[in-house]
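Structural features, examined
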Amino acid sequence: MDLGITGKWALVCAASKGLGRGCAAALVQEGVHVVITARGEEALRHAAVELKALNRASSVRTVVGDITTPEGRAAALAACPQVDILVTNAGGPPPGDFRQWDRDAWIAALDANMLTPIELIRATVDAMADRGFGRVINITSAAVKAPNDILGLSNGARSGLTGFVAGIARQPRLAGRNVTINNLLPGPFDTDRLRTTLAGAAARSGQPVEAVAEQRRKGVPAQRFGTPEEFGAACAFLASQQAGFITGQNWLIDGGGFPGTF
Ligand code: NAD
């Protein structure tokens, strides 16, 4: 299927690795020009070389910076001639016990996983509406639907973003001008983030990391972790011309892990 987005520009945040990179790869394969950001220059440069190899016709620009800071967001936005497709993403907050999280821990989580996407949406959607095309895809988490107690900072911050998106996605000023805003909710995907989480769980339980990973895999109905390529394909579809009637939705991509009918 031709997704009809060749030649569009996408800003894909936090995309040197993992899910962000999976999204950038799928978009580049569709002929989209991308600006990718990350804090580490070397990994970002490496990702850009690999992305470019996927499709020589797509431009791949890199911006080194922390997307959770005003400077990082300004640099990312300045590098993108126009943002037709916005993929918001940043590292997830650390797991822990809510008794240990003070105000600073909460502010950091809200900054990264709620206020940064909101600021980027605020900076881009009205111009998208003026042009008559825009796609915003926020990478959130399956924890928004199925909260995990040790991920309280993530549950809280991402739920705030989800509530915000549910409201603004339905504004006729946006939805009526072909601007859609949706969230992708990853379950367990095979990325550095998952490997870190598994290592932490192994350390806490005193089990080998492979045993913890195997247990976790067996808990997924699909009996495996997802891949960044699968995640990227869903992102590219939401960014497509064909997805123009899908807005304000939360797509769970979790191999069947959420045990509900809806
Ligand atoms: P990852 O650690 O594999 O990759 C994260 C990427 O984001 C890297 O490129 C890193 O450099 C970049 N990054 C992190 N913080 C940044 C910042 N402040 N500014 C710029 N770049 C930054 O992680 P992932 O697995 O791809 O996860 C992406 C998001 O999805 C995270 O918020 C994570 O919590 C969430 N998530 C992941 C899973 C999973 O199983 N992988 C499940 C649920 C939610």
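Before reading on, note that the structure itself is shown above.
What comes next concerns the included structure. Note that the coordinates shown come from a computational prediction; the quantities given were computed from them, not determined experimentally.

Thresholds, definitions, all that
- Residues numbered from 1 in each chain as written.
- Predicted model: local features only at pLDDT ≥ 70, side-chain atom pairs only at ≥ 80, totals over all residues.
- Heavy atoms only, no water.
- Near = heavy atom within 4 Å.
- Polar contact = N/O pair within 3.5 Å; in protein donor to acceptor, adjacent residues only side chain to side chain.
- Areas by Shrake-Rupley, 256 points an atom, 1.4 Å probe, with all protein chains shown as cover.
- Helix = DSSP H or I, 4+ residues; strand = E, 2+ residues; numbered from the N terminus.
- Pairing = 2+ DSSP bridges.
- Axes fitted to C-alpha atoms, helices over the stretch in contact; angles between N-to-C directions.
- Contact = heavy atoms within 4.5 Å.
- Disulfide = S-S within 2.5 Å.
- Buried < 20%, exposed > 50% of the residue type's maximum accessible area, 1.4 Å probe, protein only.
- Phe/Tyr/Trp six-rings, centres within 6.5 Å; stacked < 30°, edge-to-face > 60°.
- Lys NZ or Arg CZ within 6 Å of the ring centre and 35° of its normal.
- Parallel < 35°, antiparallel > 145°, perpendicular 65-115°, else oblique.
- Left-handed = near helix turned anticlockwise from the far one by under 90°.
- Nonpolar A, V, L, I, M, F, W, Y, C, P; charged D, E, K, R; others polar.

Quick look at the site of the ligand now. With respect to spatial proximity, 26 residues lie near the ligand, and among them Ser 16, Leu 19, Asp 66, Ala 90 and Thr 191 are the closest. One of the side-chain N or O atoms of Arg 158 is found 2.8 Å from an oxygen atom in the ligand. Take Thr 191: an N or O atom from its side chain is 2.4 Å from an oxygen atom of the ligand. If the ligand stood free it would expose 830 Å²; the protein chains cover 90% of that surface.

Right, let's talk about the environment of Ile 5 for a bit. Inspection of the secondary structure assignment puts Ile 5 in the segment before β1 (9-12). Between the C-alpha atoms of Ile 5 and Asp 149, which are 144 residues apart in sequence, the distance is 39 Å.

A separate point is unusual backbone geometry. Even without a glycine there, the phi angle at Asn 178 is positive, about 65 degrees. Of note, Gln 223 is a non-glycine position whose phi angle comes to about 65 degrees, a positive value. The topology assignment puts Gln 223 in the loop between α8 (209-218) and α9 (228-238).

A few words on the sheet that holds strand β7 (residues 250-253). Either a parallel or an antiparallel arrangement is found when strands of a sheet pair, and the pairing is made through backbone hydrogen bonds. Taken together, seven strands build an open sheet; the order of strands is β3-β2-β1-β4-β5-β6-β7 and the sheet is parallel. The open sheet is flanked by β3 (60-64) and β7, the only strands paired with a single partner. When the angles between neighbouring strand axes are averaged without regard to direction, this sheet yields 15 degrees. Relative to β3, strand β2 (residues 33-38) runs parallel, the two sharing five bridges. Bridged to Ile 36 within β3 is Thr 62. In this fold helix α5 (residues 152-168) packs onto β5 (134-139), β6 (179-186) and β7, with an angle of close to 155 degrees to the strand it touches most, β6.

In this fold, Thr 162 is placed in helix α5. Not counting residues up to four positions away in its chain, the partners in contact with Thr 162 are Val 144, Asn 183 and Asn 250.

This model, assessed by the stated rule, comprises zero disulfides. There is no disulfide at Cys 80, and the cysteine sulfur nearest it, in Cys 13, is 9.6 Å away. Residue class for Cys 80 comes out buried when judged on its relative accessible area of 5%. Lacking any disulfide linkage, Cys 235 is separated from the closest cysteine sulfur, that of Cys 23, by 3.5 Å. For Cys 235, a relative accessible area of 0% puts it in the buried group.

Within the secondary structure, Arg 158 sits in helix α5. Sequence separation between Arg 158 and Glu 42 is 116 residues; the distance between their C-alpha atoms is 29 Å. Setting aside its immediate chain neighbours within four residues, Arg 158 contacts Gly 92, Pro 93, Asn 113, Ile 139, Thr 140, Ser 141 and Val 144. A polar side-chain atom of Arg 158 sits 2.8 Å from a polar atom in the side chain of Ser 154.

Enumeration according to the criterion identifies three aromatic pairs in this entry. Centroid distance Trp 101 to Trp 106: 6.0 Å. Interplanar angle 90 degrees. Geometry classified as edge-to-face. When its relative accessible area of 30% is taken as the criterion, Trp 106 is described as partly exposed. Relative to Trp 251, the ring of Phe 237 lies with its centre 6.3 Å away and its plane at 10 degrees, an arrangement referred to as stacked. One end of the pair, Phe 237, is in helix α9; the other, Trp 251, is in strand β7, and 14 residues separate them in sequence. Residue class for Trp 251 comes out partly exposed when judged on its relative accessible area of 28%. Positioned above the aromatic ring of Phe 133 is the side chain of Lys 8, whose terminal nitrogen or guanidinium carbon lies 4.2 Å from the ring centre.

Here we take up the packing of helix α7 (residues 192-205) against α8. Contact geometry for α7 and α8: axes closest at 8 Å, N-to-C directions at 115 degrees. Of the possible angle classes, the one that applies to α7 and α8 is roughly perpendicular. The way α7 lies across α8 gives a crossing that is right-handed. Facing Leu 194, Leu 198, Ala 199, Ala 201, Ala 202 and Ser 205 of α7, the residues of α8 in contact are Val 209, Val 212, Ala 213 and Arg 216. Partitioned by chemical class, the residues of the contact of α7 with α8 number eight nonpolar, one polar and one charged.

Mapped onto the elements of the fold, Ala 199 is located in helix α7. Given the relative accessible area of 38%, Ala 199 is considered partly exposed. Measuring from C-alpha to C-alpha, the distance between Ala 199 and Asp 102 comes to 25 Å, with 97 residues separating the pair along the chain.

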